[in-house]
Amino acid sequence: MSKENYKIFLKGYGLKATPGRIRLLKYLADSKKPNSIKDIGKAIGTRTMDQVTIYRTLETFKTLGFVRRVDFHKDYAYYELAGKDHHHIFCENCGRIEDFEGCGSDKLIKTALRQSKQFASINDHSIELFGVCRSCARSLK
Ligand SMILES: [Zn+2]
Ligand SMILES: [Zn+2]
């Protein structure tokens, strides 16, 4: 996407296309993987946007539905552009991230709703898997 297209995209969501928001959006679009808020902060630079503004902007993007927050059991959040349903495998040793598809959530949601006494619908799900990547498995031997 060009800078002009990011502007149109943000305006489509009723957001002012500030340079910081455009940089943030472009960074997420280019990286194709979840990035920790720490890495995003480093990449965007504190001169354009401070850490708090970056966090608030990501949360706004999340509320509007085009950014996802991913929980890798760290004390900081990861964010990625929302796309088609996919999930991640996270290396607990080095933090490597790989995507996977086909989580079988349809079946899971049916089962959950059948057992549930209080819920009418399930609207979203988050499934991340944790393990050790091949390269870490080799060096840990
Ligand atoms: Zn690893
Ligand atoms: Zn899924």
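Structure: see above.
Residues numbered from 1 in each chain as written. Chains lettered and ligands numbered in written order. Predicted model: local features only at pLDDT ≥ 70, side-chain atom pairs only at ≥ 80, totals over all residues. Heavy atoms only, no water.

## A look at the coordination of the zinc ion (ligand 1)
By definition of the ideal shapes, four donors in a tetrahedron about a metal sit 109.5 degrees apart, and six donors in an octahedron sit 90 or 180 degrees apart. Bound to the zinc ion (ligand 1) on the protein side are C91 (SG), C94 (SG), C133 (SG) and C136 (SG), at distances that span 2.2 to 2.3 Å. Taken together, the four donor atoms coordinating the zinc ion (ligand 1) span angles of 102 to 117° at the metal, a pattern that classifies the geometry as tetrahedral. We note that the donor set of the zinc ion (ligand 1) lies within a single chain, spaced as C-x2-C-x38-C-x2-C. Here C94 is found in the loop between β4 (87–91) and β5 (97–100), whereas its partner C136 is found in helix α6 (residues 134–139), with 42 residues between them in sequence. Using a relative accessible area of 5% as the deciding quantity, one classes C136 as buried. (Donors = N, O, S within 2.8 Å, 3.2 Å for Na, K, Ca; no water. Tetrahedral: all angles 85-135°; square planar, octahedral: opposite > 155°, others 65-115°. Helix = DSSP H or I, 4+ residues; strand = E, 2+ residues; numbered from the N terminus. Buried < 20%, exposed > 50% of the residue type's maximum accessible area, 1.4 Å probe, protein only.)

## Quick word on the coordination of the zinc ion (ligand 2)
The zinc ion (ligand 2) binds to the protein through D85 (OD), D85 (OD), H87 (NE2), C103 (SG) and H125 (NE2), with metal-donor distances spanning 2.0 to 2.5 Å. Sequence positions of the residues that donate to the zinc ion (ligand 2) give the spacing D-x1-H-x15-C-x21-H. You can see D85 sitting in the loop between β3 (78–81) and β4 and its partner H125 sitting in the loop between α5 (105–115) and β6 (128–131), a full 40 residues away along the chain. Residue D85 is classed as partly exposed on the basis of its relative accessible area, which comes to 41%.

## Concerning the packing of aromatic side chains
For the structure shown, the criterion picks out ten aromatic pairs. Ring geometry for F90 versus F130: centroids 6.0 Å apart, planes at 65°, classification edge-to-face. Of this pair, F90 sits in strand β4 while F130 sits in strand β6, and the two are 40 residues apart along the sequence. Following the ring pairs from residue to residue traces out a cluster consisting of F72, Y76, Y78, F90 and F130. (Phe/Tyr/Trp six-rings, centres within 6.5 Å; stacked < 30°, edge-to-face > 60°.)

## Observations regarding the pattern of salt bridges
Inspection of every chain in the model, using the stated rule, returns six salt bridges. Here K26 ties to D30 by a salt bridge, and the two come within 2.7 Å at their closest N and O atoms. Of the two residues, K26 and D30 both sit in helix α2 (residues 19–31), four residues apart, roughly one turn of that helix. Of the residues examined, D30 reaches a relative accessible area of 46% and is grouped as partly exposed. For the salt bridge of E59 with R69, the shortest nitrogen-to-oxygen distance reads 2.8 Å. With E59 in helix α4 (residues 51–64) and R69 in strand β2 (residues 67–70), this pair connects stretches of sequence that are ten residues apart. Residue E59 is classed as buried on the basis of its relative accessible area, which comes to 17%. Via salt bridges that share partners, R68, E80 and E128 belong to a single interconnected network. (Salt bridge = Lys/Arg side-chain N within 4 Å of Asp/Glu carboxyl O.)

## Re the nonpolar core
A general feature of soluble globular proteins is that nonpolar side chains tend to end up buried together. In terms of nonpolar packing, the biggest core is built from 19 residues, with L10, L24, I40, I54, L58, F61 and Y79 touching the most fellow members. Residue assignment for this core shows that the elements contributing at least two residues are α1 (3–12), α2, α3 (37–44) and α4. Ranked by the residues each element gives to this core, the list is headed by α2, at four residues. Sequence-distant contacts of L24, defined by excluding residues within four places in its chain, comprise I40, I44, M49, I54, T57, L58 and F61. Judged by nonpolar contacts, the second largest core, of five residues, contains V70, F72, F90 and I97. (Core = buried A, V, L, I, M, F, W, Y, C linked by side-chain atoms within 4.5 Å. Contact = heavy atoms within 4.5 Å.)

## A word on the sheet that holds β4
What the three strands build is an open sheet, ordered β5-β4-β6; its pairing is mixed. Sheet topology places β5 and β6 at the edges, where each strand pairs with a single neighbour. Neighbour-to-neighbour, the strand axes of the sheet open up by a mean angle of 25°, direction not taken into account. (Pairing = 2+ DSSP bridges. Axes fitted to C-alpha atoms, helices over the stretch in contact; angles between N-to-C directions.)

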